[in-house]
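What follows is each chain in one-letter form.
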Amino acid sequence: MDPFRSLDVMRRDVERMFSNFPSFLSHMDDMFRMPRVDVHENDKEMIVTCDIPGLERKEDVDIHIDDQTLSISGQVRRQHDVKDEHMHRQERFYGRFYRTIPLPSHAAHENVQASYKNGVLEIRIPKAQSNGKKRIDVQFH
(Lines give C-alpha, C1' and ligand atoms only; values in the text may rest on other atoms or scores of the structure.)
Protein backbone atom coordinates (compact mmCIF):
# COMPACT_ATOMS: atom_id res chain seq x y z
CA MET A 1 0.00 0.00 0.00
CA ASP A 2 1.28 3.45 -0.95
CA PRO A 3 1.51 5.69 2.20
CA PHE A 4 1.34 8.86 0.08
CA ARG A 5 -1.98 7.75 -1.41
CA SER A 6 -3.48 7.67 2.10
CA LEU A 7 -2.18 11.17 2.76
CA ASP A 8 -3.69 12.39 -0.52
CA VAL A 9 -7.09 10.92 0.39
CA MET A 10 -6.89 12.51 3.84
CA ARG A 11 -5.95 15.91 2.33
CA ARG A 12 -8.96 15.78 -0.04
CA ASP A 13 -11.26 14.88 2.87
CA VAL A 14 -10.00 17.86 4.89
CA GLU A 15 -10.39 20.20 1.89
CA ARG A 16 -13.94 18.96 1.33
CA MET A 17 -14.78 19.46 5.02
CA PHE A 18 -13.51 23.04 5.03
CA SER A 19 -15.06 23.94 1.68
CA ASN A 20 -18.48 23.93 3.40
CA PHE A 21 -17.22 25.80 6.46
CA PRO A 22 -17.86 29.40 5.21
CA SER A 23 -21.50 28.62 4.36
CA PHE A 24 -21.98 27.05 7.79
CA LEU A 25 -20.51 30.15 9.44
CA SER A 26 -22.69 32.51 7.43
CA HIS A 27 -25.77 30.49 8.42
CA MET A 28 -24.79 30.69 12.09
CA ASP A 29 -24.08 34.40 11.66
CA ASP A 30 -27.65 34.89 10.45
CA MET A 31 -29.08 33.26 13.58
CA PHE A 32 -27.05 35.15 16.17
CA ARG A 33 -24.00 37.26 15.79
CA MET A 34 -21.19 37.13 18.29
CA PRO A 35 -19.36 40.46 18.03
CA ARG A 36 -15.58 40.35 18.19
CA VAL A 37 -14.01 41.64 21.38
CA ASP A 38 -10.63 42.60 22.80
CA VAL A 39 -10.06 42.45 26.56
CA HIS A 40 -7.05 43.93 28.31
CA GLU A 41 -6.34 45.28 31.77
CA ASN A 42 -4.10 47.61 33.71
CA ASP A 43 -3.61 47.99 37.45
CA LYS A 44 -6.99 49.63 38.06
CA GLU A 45 -9.42 48.44 35.39
CA MET A 46 -10.33 46.03 32.61
CA ILE A 47 -11.06 47.47 29.18
CA VAL A 48 -13.33 45.62 26.78
CA THR A 49 -13.66 46.86 23.19
CA CYS A 50 -16.31 45.35 20.98
CA ASP A 51 -17.02 45.89 17.26
CA ILE A 52 -20.75 46.50 16.78
CA PRO A 53 -21.22 48.71 13.70
CA GLY A 54 -24.69 50.04 13.00
CA LEU A 55 -26.04 50.82 16.48
CA GLU A 56 -28.14 53.97 16.42
CA ARG A 57 -29.53 54.28 19.95
CA LYS A 58 -28.34 53.33 23.39
CA GLU A 59 -31.54 51.30 23.83
CA ASP A 60 -30.26 48.91 21.14
CA VAL A 61 -27.52 47.53 23.39
CA ASP A 62 -27.77 45.92 26.83
CA ILE A 63 -24.75 45.37 29.10
CA HIS A 64 -24.77 43.29 32.28
CA ILE A 65 -21.87 42.56 34.57
CA ASP A 66 -21.46 39.85 37.15
CA ASP A 67 -18.43 39.10 39.29
CA GLN A 68 -16.21 37.86 36.47
CA THR A 69 -18.60 37.79 33.50
CA LEU A 70 -19.65 40.52 31.08
CA SER A 71 -22.72 40.03 28.87
CA ILE A 72 -23.44 42.23 25.86
CA SER A 73 -26.61 41.84 23.79
CA GLY A 74 -28.77 43.91 21.51
CA GLN A 75 -29.95 44.49 18.00
CA VAL A 76 -28.63 46.22 14.89
CA ARG A 77 -31.56 47.53 12.89
CA ARG A 78 -31.72 47.96 9.14
CA GLN A 79 -31.84 51.56 8.04
CA HIS A 80 -33.68 50.84 4.77
CA ASP A 81 -35.86 47.86 4.02
CA VAL A 82 -34.85 46.21 0.74
CA LYS A 83 -36.91 43.48 -0.87
CA ASP A 84 -35.06 40.19 -1.27
CA GLU A 85 -35.58 40.10 -5.04
CA HIS A 86 -33.67 43.41 -5.32
CA MET A 87 -30.78 42.33 -3.07
CA HIS A 88 -27.68 41.29 -5.02
CA ARG A 89 -25.27 40.85 -2.11
CA GLN A 90 -25.76 41.03 1.65
CA GLU A 91 -22.68 40.83 3.83
CA ARG A 92 -23.44 43.43 6.49
CA PHE A 93 -25.02 42.15 9.68
CA TYR A 94 -28.51 43.13 10.83
CA GLY A 95 -30.34 41.49 13.68
CA ARG A 96 -29.76 40.34 17.23
CA PHE A 97 -26.35 39.80 18.78
CA TYR A 98 -25.17 38.32 22.04
CA ARG A 99 -21.79 37.78 23.67
CA THR A 100 -20.68 36.61 27.11
CA ILE A 101 -17.07 37.37 28.00
CA PRO A 102 -15.17 35.95 30.98
CA LEU A 103 -13.22 38.73 32.68
CA PRO A 104 -9.62 38.23 33.84
CA SER A 105 -10.25 39.79 37.29
CA HIS A 106 -13.12 40.37 39.70
CA ALA A 107 -15.18 43.39 38.68
CA ALA A 108 -16.37 46.23 40.86
CA HIS A 109 -19.97 47.05 39.98
CA GLU A 110 -19.64 50.75 40.69
CA ASN A 111 -18.24 53.29 38.20
CA VAL A 112 -18.42 51.02 35.14
CA GLN A 113 -18.37 53.22 32.05
CA ALA A 114 -19.50 52.37 28.51
CA SER A 115 -19.12 54.51 25.40
CA TYR A 116 -19.88 53.96 21.71
CA LYS A 117 -18.05 55.71 18.90
CA ASN A 118 -17.44 54.85 15.23
CA GLY A 119 -18.97 51.38 15.58
CA VAL A 120 -16.86 50.40 18.59
CA LEU A 121 -18.31 49.84 22.06
CA GLU A 122 -15.79 50.40 24.85
CA ILE A 123 -16.50 49.27 28.41
CA ARG A 124 -14.20 50.24 31.29
CA ILE A 125 -14.67 48.06 34.36
CA PRO A 126 -12.88 48.91 37.61
CA LYS A 127 -11.31 45.97 39.36
CA ALA A 128 -12.74 44.95 42.72
CA GLN A 129 -10.43 45.93 45.52
CA SER A 130 -9.18 43.02 47.51
CA ASN A 131 -8.60 43.63 51.19
CA GLY A 132 -6.21 40.72 51.40
CA LYS A 133 -6.69 38.40 54.33
CA LYS A 134 -9.62 38.77 56.60
CA ARG A 135 -9.75 37.41 60.12
CA ILE A 136 -12.95 35.62 61.01
CA ASP A 137 -13.99 35.72 64.65
CA VAL A 138 -15.43 32.58 66.12
CA GLN A 139 -18.43 33.12 68.34
CA PHE A 140 -18.52 30.90 71.41
CA HIS A 141 -21.86 30.30 73.09
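Shown above is the structure to which this text applies.
So, how was this worked out
Residues numbered from 1 in each chain as written. Predicted model: local features only at pLDDT ≥ 70, side-chain atom pairs only at ≥ 80, totals over all residues. Heavy atoms only, no water. Pairing = 2+ DSSP bridges. Helix = DSSP H or I, 4+ residues; strand = E, 2+ residues; numbered from the N terminus. Axes fitted to C-alpha atoms, helices over the stretch in contact; angles between N-to-C directions. Buried < 20%, exposed > 50% of the residue type's maximum accessible area, 1.4 Å probe, protein only. Salt bridge = Lys/Arg side-chain N within 4 Å of Asp/Glu carboxyl O.

(A) Representation of the sheet that holds strand S6 (residues 113-117) within the structure. Read across the sheet, four strands follow the order S1-S2-S7-S6 without closing on themselves; strand pairing throughout is antiparallel. A single partner strand is all that each edge strand has here, and the edge strands are strand S1 (37-41) and S6. Going across the sheet, the axis of each strand differs from the next one's by a mean of 15°, ignoring polarity. As paired strands, S6 and strand S7 (residues 120-126) are joined by five bridges and run antiparallel to one another. If you follow glutamine 113 over to S7, its bridge partner there is arginine 124.

(B) Inspection of the environment of phenylalanine 93 at higher detail. With respect to the secondary-structure elements, phenylalanine 93 resides in the loop between strand S4 (69-76) and strand S5 (95-102). Overall, phenylalanine 93 belongs to the buried group, its relative accessible area being 14%. Each C-alpha atom of the pair phenylalanine 93 and arginine 78 lies 8.9 Å from the other, and the pair is 15 residues apart in sequence.

(C) Representation of the pattern of salt bridges in the model. Going through the model one piece at a time under the given rule, you end up with five salt bridges. Its salt-bridge partner being arginine 57, residue aspartate 60 comes within 3.0 Å of it at the nearest N-O pair. Among the residues examined, aspartate 60 registers a relative accessible area of 4% and is labelled buried. In this structure, glutamate 122 engages arginine 124 in a salt bridge whose closest nitrogen and oxygen atoms are separated by 3.2 Å.

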